[in-house]
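Residues per chain, in single letters:
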Amino acid sequence: MIINALYECYERLLTDPGSGVSPPGYSKAKVSYALNISHKGELLNVVDLRVMKGKKLSSRDIDVPEQVKRASGIAPNFLCDNCVYVLGIGYIGKEKDSKWIMKRFEAFRRRQHEILDGVDDIGAQALLRFLDDWDPTKAVEHPLLREHLDGLADGGNIVFMLKGEHGYLHERPALRAAWEYHRSNSDSDRIGQCLVTGKRAPLARLHPSIKGVTGAQPSGASLVSFNLNAFTSYGKEQSYNSPVAVEAAFAYTTALNYLLASGRHRLRIGDTTTVFWAERIGSGIEEDFFAELFDPAWDTGKRDNKDDKPKRDPKTTGLVRDVLTRIREHKPVRDVMKEVDPDARFYILGLAPNASRLSVRFWHVDTFGSLTEKIGRHYSDMAIEKNWDTDPDFIPLWQILKETAPLGDMERVSPLLAGALTRAILLGLPYPQSLFTAMLSRVRADQTVNYVRAAVVKACLIRNYKHLDESKKEVVESMSLKEDNLNLPYRLGRLFALLEKVQQDANPGINATIRDRYFGAASATPRAVFPLLLRLSQHHISKAEYGFVTDKKIEEIMIGIDNFPSHLNLEEQGLFVLGYYHQRNALYKKSN
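Keep in mind that this is a model prediction, so the values were computed, not measured.

Caption draft 1: Seen up close, the overall build of the protein chain. Along the protein chain, the regular secondary structure elements total 20 helices and twelve strands. In terms of C-alpha radius of gyration, the protein chain reaches 31 Å, well past the compact-globule figure of 25 Å for 592 residues. Considered along the principal axes of its C-alpha atoms, the protein chain spans approximately 100 × 50 × 50 Å. Expressed as a percentage of its 592 residues, the buried residues of the protein chain come to 52%. Distance between charge centroids for the protein chain: 3 Å, based on 80 positive and 75 negative side chains.

What follows is the structure, given as structure tokens:
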């Protein structure tokens, strides 16, 4: 299903002249230099093709003849390769003996002869003369290479140019024809029925690498691969276990690499790189809409996800906020989604690194309208009164995950939690129980109940605990304080907030409050803590300037509390957290 959808995506991209997707037989490569040679095969100069990105020179992406999947051994490319294969120069910091380097240079030279011998083109003949005359043992001493040695040996690819001619050698019609003829005659000799197209065609033994997944190997990783005897089925080894035609394998990997390289088709969720696309060629409004919908930008413009900084269209941002607000208010949204096709099929794929391979964290297909409603419901369930004006109206997914990790370290977020939470949002399912327990654990460990944590606790109670009675439903469905609610855990949370407030009033500027010492115990075992806190509060009330005001509020809450329970379960601890958060906000809210 995933490969079929990516194959169809590639076919649509080919019809879009603005996509820049590579045609069959070609692929994007990071190219750093071009060697300008004469008709006689002499090196005339070295052209630096790198571009400045930020404060660093970076290689540029260029369409070149499809590159081989190189893991180990000797595997030269055609008309584009690194300095070891093209010039016989070793990498920086990876010193190899001269025999190791010479074998790769000779392999590159043989490959070019194999494809270009007999081609009647001045560019092909000039290249072969250059390679035949080139002496790798004297490469580092060549006067034209000295000033570029560090850059050449840094690992970037090299292409060729011909003096007085426009473009690169691999763009010349005669050389392209020679490459395509060679490729068509050197396809896999294993013929079978392709699982993607259904046609009988040469089958791919290895699938091209996928590049751009955060945390995976920079050289690329495989989405489909078989490398152990245990995977052998009926004598079929490697990718012949799941027969995919060479052309289909090229198409789906090219489409996926295109999506991963595009900022508007990619998001980062925990350790998962997420790509998404609509089943139509157009302005890309659905992709922009989804990116803003699933990862809304902060009002303050701050973002924590350094790997993903898309430039959001203010018009799209405003449209998404309008849609989410209407969903929160239970109003129809199709009236304001006129530029978006709600019936368009939309695909979402989450990939995570797994050594030299990729793991599929989640895969979801839905209509765009249905997807919007489910994500909107998630934000509606999360809606709660803000703690500060700078808090976002709609909490991004990465911020939720960050609050589950010790010290807010994104590297310590559970990888399984990110995928499970994303699936729950996309499918409209209950949130993973691990999210609820992780959030309560962080509250007890940090003694901190902030806007994001309170919102998550509220959402989990709404979705995961369907048996809630009326008093509990009133609490979890409310965005702010419910003073007349008699739910005991909720009132205990409110009581704890008032006891903390009166302590702060009695000791202005105090460094640590009862929250820092007793919050975890109070939310789990109230009977062991609250009698002590109530005795301490009498001293604080007498000392505070306006202690009688807080004392009256404490008295009102205590009227509904006959005794303190010995233990609170997870659901009741969540209600305690909401009571504390609502009461704290009410205490510090500006009066109108």
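After presenting the structure, the write-up continues.
Caption draft 2: A look at unusual backbone geometry. One non-glycine residue, leucine 407, adopts positive backbone phi at about 60 degrees. Here leucine 407 lies in the loop between helix H11 (397–403) and helix H12 (415–427). Although it is not a glycine, glutamine 447 adopts a positive phi angle of roughly 55 degrees. Within the secondary structure, glutamine 447 sits in the loop between helix H13 (433–446) and helix H14 (451–464).

Caption draft 3: View of the pairing of strand S6 (residues 157–162). Counted residue by residue, S6 has six buried out of six residues, so it is predominantly covered. Going residue by residue along S6, you find Asn157, Val159 and Met161 tucked away on one face and Ile158, Phe160 and Leu162 tucked away on the opposite face as well.

Caption draft 4: Local environment of the sheet that holds strand S12 (residues 357–367). Reading across from one edge, S9-S10-S11-S12 is the order of the four strands in this open sheet, with antiparallel pairing throughout. Each edge of the open sheet carries a strand with a single partner, namely strand S9 (266–269) and S12. For this sheet the average axis-to-axis angle between neighbouring strands, irrespective of direction, equals 20 degrees. As judged from the six bridges shared by strand S10 (residues 272–278) and strand S11 (residues 345–354), these two strands associate in the antiparallel manner. Directly across from phenylalanine 276, in S11, lies its bridge partner isoleucine 348. Along the sheet, helix H8 (residues 285–294) makes contact with S9, S10 and S11, crossing S10 at roughly 140 degrees. Strands in contact with H12 are S9, S11 and S12; relative to S12, the strand with the most contacts, it is inclined by about 10 degrees.

Caption draft 5: Layout of a negative patch on the surface. Residues Glu42, Asp117, Asp132 and Asp133 make up a contiguous surface patch of negative charge. By secondary structure assignment, the location of aspartate 132 is in helix H4 (residues 122–133).

Caption draft 6: Expanded view of helix H17 (residues 514–524). Residues of H17 that are buried include every one of Ile514, Tyr518, Phe519, Gly520, Ala522 and Ser523, and no others. Buried residues belonging to H17 abut H13, helix H16 (488–506), helix H18 (526–543) and helix H20 (570–587).

Caption draft 7: A look at the packing of helix H9 (residues 314–328) against helix H10 (residues 368–382). Running from amino to carboxyl end, H9 crosses H10 at an angle of 70 degrees, the nearest separation of the two axes being 9 Å. Here H9 lies roughly perpendicular to H10, going by the angle between them. Our pair here, H9 against H10, has a crossing hand that is right-handed. Contacts between H9 and H10 involve Val323, Leu324, Ile327 and Arg328 from the former and Thr372, Glu373, Gly376, Arg377, Tyr379 and Ser380 from the latter. Residues belonging to the contact of H9 with H10 are distributed by class as follows: four nonpolar, three polar and three charged.

Caption draft 8: Spatial organisation of the nonpolar core. Counting 90 residues, the largest nonpolar core has Phe290 and Phe496 as its most contacted members. At nine residues, H14 tops the list of elements feeding residues into this core. Those residues in contact with phenylalanine 290 that sit more than four places away from it in its chain are Leu267, Phe276, Asp295, Phe346, Ile348, Phe368, Leu371 and Ile375.

Caption draft 9: Fine view of the packing of aromatic side chains. Within the structure shown, the criterion is met by 23 aromatic pairs. Seen in terms of ring centroids, phenylalanine 276 and phenylalanine 290 are 4.7 Å apart; in terms of plane orientation they differ by 55 degrees. Their pairing is tilted. Of this pair, phenylalanine 276 sits in strand S10 while phenylalanine 290 sits in helix H8, placing them 14 residues apart in sequence. Summarising the aromatic geometry, the rings of phenylalanine 289 and phenylalanine 368 are spaced 5.4 Å apart at their centres and angled 65 degrees between planes, so their arrangement reads as edge-to-face. Placement of phenylalanine 289 in helix H8 and of phenylalanine 368 in helix H10 is noted, with a sequence separation of 79 residues between them. Classification of phenylalanine 368 by relative accessible area gives buried; the value is 0%. Connected via pairs of aromatic rings, a cluster forms that spans Phe276, Phe289, Phe290, Phe294, Phe346 and Phe368. The ring of phenylalanine 250 is capped by arginine 183, whose NZ or CZ atom sits 5.9 Å from the centre of that ring.

Caption draft 10: Quick look at the side chain of lysine 458. Note on placement: lysine 458 falls in helix H14. Buried and unpaired, lysine 458 has no salt bridge, with aspartate 381 as the nearest side chain of opposite charge at 6.1 Å. Once you skip the residues sitting within four places of it in the chain, lysine 458 turns out to touch Ser380, Asp381, Ala383, Ile384, Val476, Glu477, Ser478 and Leu578.

Caption draft 11: Structural detail: the packing of H13 against H20. Look at H13 against H20: their axes get within 11 Å of each other, and the N-to-C directions meet at 55 degrees. Classified by the angle their axes make, H13 and H20 are oblique. Crossing angle aside, the handedness with which H13 passes H20 is left-handed. Residues Gln433, Phe436, Thr437, Leu440, Val443 and Arg444 of H13 form the contact with H20, whose own contacting residues are Leu570, Glu571, Gln573, Gly574 and Val577. Classifying every residue of the contact of H13 with H20 by side-chain character gives five nonpolar, four polar and two charged.

About the thresholds
- Each chain has its residues counted from 1, following the order in which its sequence is written.
- Selection of residues for local features in this predicted model requires a pLDDT of at least 70, selection of side-chain atom pairs for listing and counting requires 80 or more, and totals for whole chains, interfaces and linings are taken over all residues.
- To obtain the side-chain values, all non-hydrogen atoms of the structure were used and water was disregarded.
- Strands are runs of DSSP state E lasting at least two residues, helices are runs of H or I lasting at least four, and both sets are numbered from the N terminus onward.
- Computation of the radius of gyration draws on C-alpha atoms alone. For the globule rule, the value is 2.2 Å times the number of residues to the power 0.38.
- Only protein chains enter the accessibility calculation, which uses a 1.4 Å probe; a residue is then buried when its area is under 20% of its type maximum, exposed when over 50%, and partly exposed in between.
- Only four residue types enter the tally: Lys and Arg on the positive side, Asp and Glu on the negative side; His and the chain ends are excluded.
- Think of each charge as sitting on NZ of Lys, CZ of Arg, CG of Asp or CD of Glu.
- Each pair of strands is called paired provided DSSP finds at least two bridges between the two strands.
- To get an axis, fit a line to the C-alpha atoms, keeping to the stretch in contact for a helix; angles then go from 0 to 180 degrees between the N-to-C directions.
- Contact criterion: two residues are considered in contact whenever any of their non-hydrogen atoms come within 4.5 Å of each other.
- For patch detection, residues must exceed 30% relative accessible area and be free of salt bridges, and they are connected within 9 Å for like charges or within 5 Å for nonpolar side chains (Val, Leu, Ile, Met, Phe, Trp, Tyr).
- Per-residue and other accessible areas follow the Shrake-Rupley method at a 1.4 Å probe size, with only the shown protein chains counted as cover for residues.
- Salt bridge, as used here: a side-chain nitrogen of Lys or Arg that lies within 4 Å of a carboxyl oxygen of Asp or Glu.
- Oblique is the label for any angle not covered by the other classes, which are roughly parallel (under 35 degrees), roughly antiparallel (over 145) and roughly perpendicular (65 to 115).
- The sense of a crossing depends on the near helix, which, turned anticlockwise from the far helix by less than a right angle, makes the crossing left-handed and, turned clockwise, makes it right-handed.
- Ten residue types, Ala, Val, Leu, Ile, Met, Phe, Trp, Tyr, Cys and Pro, are classed as nonpolar, four, Asp, Glu, Lys and Arg, as charged, and the remainder, Gly among them, as polar.
- Grouping buried Ala, Val, Leu, Ile, Met, Phe, Trp, Tyr and Cys residues that are joined through side-chain atoms within 4.5 Å yields what is termed a nonpolar core.
- The rule is short: rings of Phe, Tyr and Trp, with Trp giving its six-membered ring, pair when the centres are within 6.5 Å, and they are stacked under 30 degrees, edge-to-face over 60, tilted in between.
- Placement of a positive charge over a ring is assigned whenever Lys NZ or Arg CZ falls within 6 Å of the ring centre and within 35 degrees of the normal to the ring plane.

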